[in-house]
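# Inside the fold
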Amino acid sequence: MAQNKDGQLIDPYNGQADLENRTLRHVSQAFVEDPLRVLRVARFAAKFHHLGFTVAKETLALMAQIAESGELESLTPERVWQEWHKSLSTQSPHIFLDVLRQCGALAVVIPEIDKLFGVPQPEKWHPEIDTGVHTLMVAKQAALLSDSLPVRFAAQLHDLGKGITPENEWPSHKMHCHTGLKLIKKLCERIRVPNEFKELSLLVCEQHSNIHRAAELKPATKLKVLNHFDVWRKPERLEDILLCCMADSRGRTGFEDIEYPQKAIFEQAYQAALSVNVQEVIKDGHQGKAIRDEMEKRRVTAIANLK
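Read on for an overview of the structure.

About the criteria used
Residues numbered from 1 in each chain as written. Predicted model: local features only at pLDDT ≥ 70, side-chain atom pairs only at ≥ 80, totals over all residues. Heavy atoms only, no water. Core = buried A, V, L, I, M, F, W, Y, C linked by side-chain atoms within 4.5 Å. Buried < 20%, exposed > 50% of the residue type's maximum accessible area, 1.4 Å probe, protein only. Helix = DSSP H or I, 4+ residues; strand = E, 2+ residues; numbered from the N terminus. Contact = heavy atoms within 4.5 Å. Phe/Tyr/Trp six-rings, centres within 6.5 Å; stacked < 30°, edge-to-face > 60°.

## As for the nonpolar core
In this structure, Val38, Leu39, Met63, Trp84, Leu100, Ile113 and Phe153 are the most contacted members of the largest nonpolar core, which totals 51 residues. When contributions to this core are tallied by element, the ones reaching two or more residues are helix 2 (36–48), helix 3 (57–69), helix 4 (77–88), helix 5 (93–102), helix 6 (106–109), helix 9 (149–157), helix 10 (176–190) and helix 11 (195–212). Broken down by element, this core gets its largest block of residues, 7 residues, from helix 2. In this structure, Trp84 is in contact with Phe96, Leu97, Ile110, Ile113, Phe153, Gln156, Leu157, Leu187 and Ile191, ignoring residues within four places of it in sequence. If you look at the next biggest cluster of nonpolar residues, it comprises 36 residues, including Ala142, Val151, Ile211 and Leu223.

## Focus: the packing of aromatic side chains
Within the structure shown, the criterion is met by 7 aromatic pairs. Ring geometry for Trp81 against Phe153: centres 5.4 Å apart, planes inclined by 85°, an arrangement best described as edge-to-face. Of the two residues, Trp81 is situated in helix 4 and Phe153 in helix 9; the sequence distance between them amounts to 72 residues. The class of Trp81 is buried, set by a relative accessible area of 9%. Each residue in the set Trp81, Trp84, Phe153 and Phe197 is aromatic and connected to the rest through ring pairs, giving one cluster.

Any functional reading would require information beyond the geometric quantities listed.
Next comes the structure, spelled out in structure tokens:
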């Protein structure tokens, strides 16, 4: 679109109408010449979703054509990650995944997430039932809760293990917190995801069930989880993990505004454990390995004494 000096709008592709109708549309068949455009359209859809924009059916059809052609497989890992990473900074990261799935591209570039669709979960805890739908809902909630891109990324991968649960075990997924770890590692290695994103994703995948059961955990178990998060050296990590878990809890039909007391439980446990002073332990005569052992004992006691 352009405008001449007389104010006349030059609009050969009817862009004005598409703007008014909030439509993202390709302008020529040349669109199919670059497979990266499939990911870019999905990213633009995520970027402008809050303004009401959607992808034109004709454009989705061309995107599906590209996905079916095998051209997406030629994309370098860096280009795939670049578009995914940019989508995480939009207001609606879940739309990026949704649009890619609509055109069949998700199965090519991020098959681990695509495999979650059609996999059932217990309706009692997941009224939406479908694990893929749940993942999109969690991605949406994570974006509402945090601007952190690693948090948004980790939320999208937290249930990857459910995609490989044997069908004879459906709708239960008892091992998904462990089976998902290998999938996350392979995915992050394949498209060269930065370690910050990968490490947070692994921790959330492995421990989100424990966080959800915070009220049931013994003080020693809570401390074990905190130690596993390495919160003593990386205190910011706890908040990131808890926000992912809150997004997981709220990413369910009818639970979008539910309270998440588990977050406060772990925050209080952390503060209680943090209050244990190593200098006091040393002052009491403990040396060497005994210092660490005594610290653990006192931290467990401090957590246990919380009301």
